[in-house]
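# Fold and contact review
Take a look at the letters that make up each chain.
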Amino acid sequence: MMSLRTILLLAIPSLSSAFAPQLPNTQQRLSSSSSSTALPAEIQFVRGLTEKVIPSIKLTRARDGSSGTATFQFSNPNVFDASTSSSGEITGMFLVDDEGEMSTTDVNARFLNGKPQSIESVLILRSPQEWDRFMRFMERYGEENGLGFTKAG
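### Points about the environment of Ala-41
Position of Ala-41 among the secondary structure elements: in the loop between β1 (17-21) and β2 (42-46). In the structure, Ala-41 is positioned 102 residues away from Glu-143 in sequence and 9.3 Å away in space, judged by C-alpha atoms. Filtering out sequence-adjacent residues up to four positions away, Ala-41 remains in contact with Val-96, Asp-97, Phe-137, Arg-140, Tyr-141, Glu-144 and Asn-145.

### Remarks on the pattern of salt bridges
In total, this model carries 8 salt bridges according to the counting rule given. Taking the shortest distance from any N to any O, the salt bridge between Arg-133 and Asp-97 comes out at 2.7 Å. Highlighted residues: Arg-133 in helix α2 (residues 128-145) and Asp-97 in strand β6 (residues 93-97), separated in sequence by 36 residues. Here Arg-133 falls in the buried class, since its relative accessible area comes to 12%. In this structure, the salt-bridge partner of Arg-136 is Glu-99, at a minimum N-O distance of 2.9 Å. Residue Arg-136 is located in helix α2, and its partner Glu-99 is located in the loop between β6 and β7 (100-104); the two are separated by 37 residues in the primary sequence. By relative accessible area, which is 35% here, Arg-136 ends up partly exposed. Taking relative accessible area as the criterion, Glu-99 reaches 36% and is therefore assigned partly exposed. One salt-bridge network, held together by shared partners, links Asp-97, Asp-98, Glu-99, Arg-133, Arg-136 and Arg-140.

### A closer look at the nonpolar core
Ranked by size, the top nonpolar core spans 24 residues in total, and within it Ile-43, Phe-72, Leu-95, Phe-134 and Phe-137 carry the most contacts. Those elements giving two or more residues to this core turn out to be β2, β4 (56-61), β5 (68-75), β6, β9 (115-125) and α2. Among the elements that line this core, the one with the most residues is α2, at 6 residues. Sequence-distant contacts of Leu-95, that is, excluding residues within four places in its chain, are made with Glu-42, Ile-43, Phe-72, Gly-100, Glu-101, Met-102, Leu-123, Phe-134 and Phe-137.

### Quick look at the sheet that holds β2
In spatial order, the strands read β3-β2-β6-β7; together these 4 strands make up an open sheet with antiparallel pairing. The open sheet has two edge strands, β3 (49-50) and β7, and neither has a second partner. As paired strands, β2 and β6 are joined by 3 bridges and run antiparallel to one another. Note on β6: the bridge partner recorded for Ile-43 is Leu-95.

### Some points on unusual backbone geometry
Phi is mostly negative for residues that are not glycine, and the peptide bonds are mostly trans. The phi dihedral of Asn-76 falls on the positive side, at around 50°, and the residue is not glycine. Among the structural elements, Asn-76 can be located in the loop between β5 and β6. For Asn-113, which is not glycine, the phi torsion reads 55° and is therefore positive. Topologically, Asn-113 is positioned in the loop between β8 (107-112) and β9. For Asn-113, a relative accessible area of 75% translates into the label exposed.

Basis of the calculations
Residues numbered from 1 in each chain as written. Predicted model: local features only at pLDDT ≥ 70, side-chain atom pairs only at ≥ 80, totals over all residues. Heavy atoms only, no water. Helix = DSSP H or I, 4+ residues; strand = E, 2+ residues; numbered from the N terminus. Contact = heavy atoms within 4.5 Å. Salt bridge = Lys/Arg side-chain N within 4 Å of Asp/Glu carboxyl O. Buried < 20%, exposed > 50% of the residue type's maximum accessible area, 1.4 Å probe, protein only. Core = buried A, V, L, I, M, F, W, Y, C linked by side-chain atoms within 4.5 Å. Pairing = 2+ DSSP bridges.

What follows is the structure, encoded as structure tokens:
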């Protein structure tokens, strides 16, 4: 299975784009087609515990649009805080909004001197429909958290 993932990732061209926090005077914000959502768009590592750290997100997509990946980088996420340790264990990454949930179990923590420093998580998007669903989530999440979309040149 590991070699299949490697082949899949190599088959995806580097049409990388990223969602990243925007400076206040930058006007590149995503606009949402809906005026408000019933549930906030949020990311969770423990069900019911919202991750407050805003990730850096890099996207790749196949040229034919058939598949893609979203790689999330969280620096010092609050899921590692002592105050949240009693909430449960990390069982995956869950993207939750008013449309439902997308999830992945491809979640890896990085440690420095025995202390957790960051989390990297990869969400595989296996169809154009999954890509569109992910982009709708990111529009909501970006709008609520001040993220902008920057297309790689």
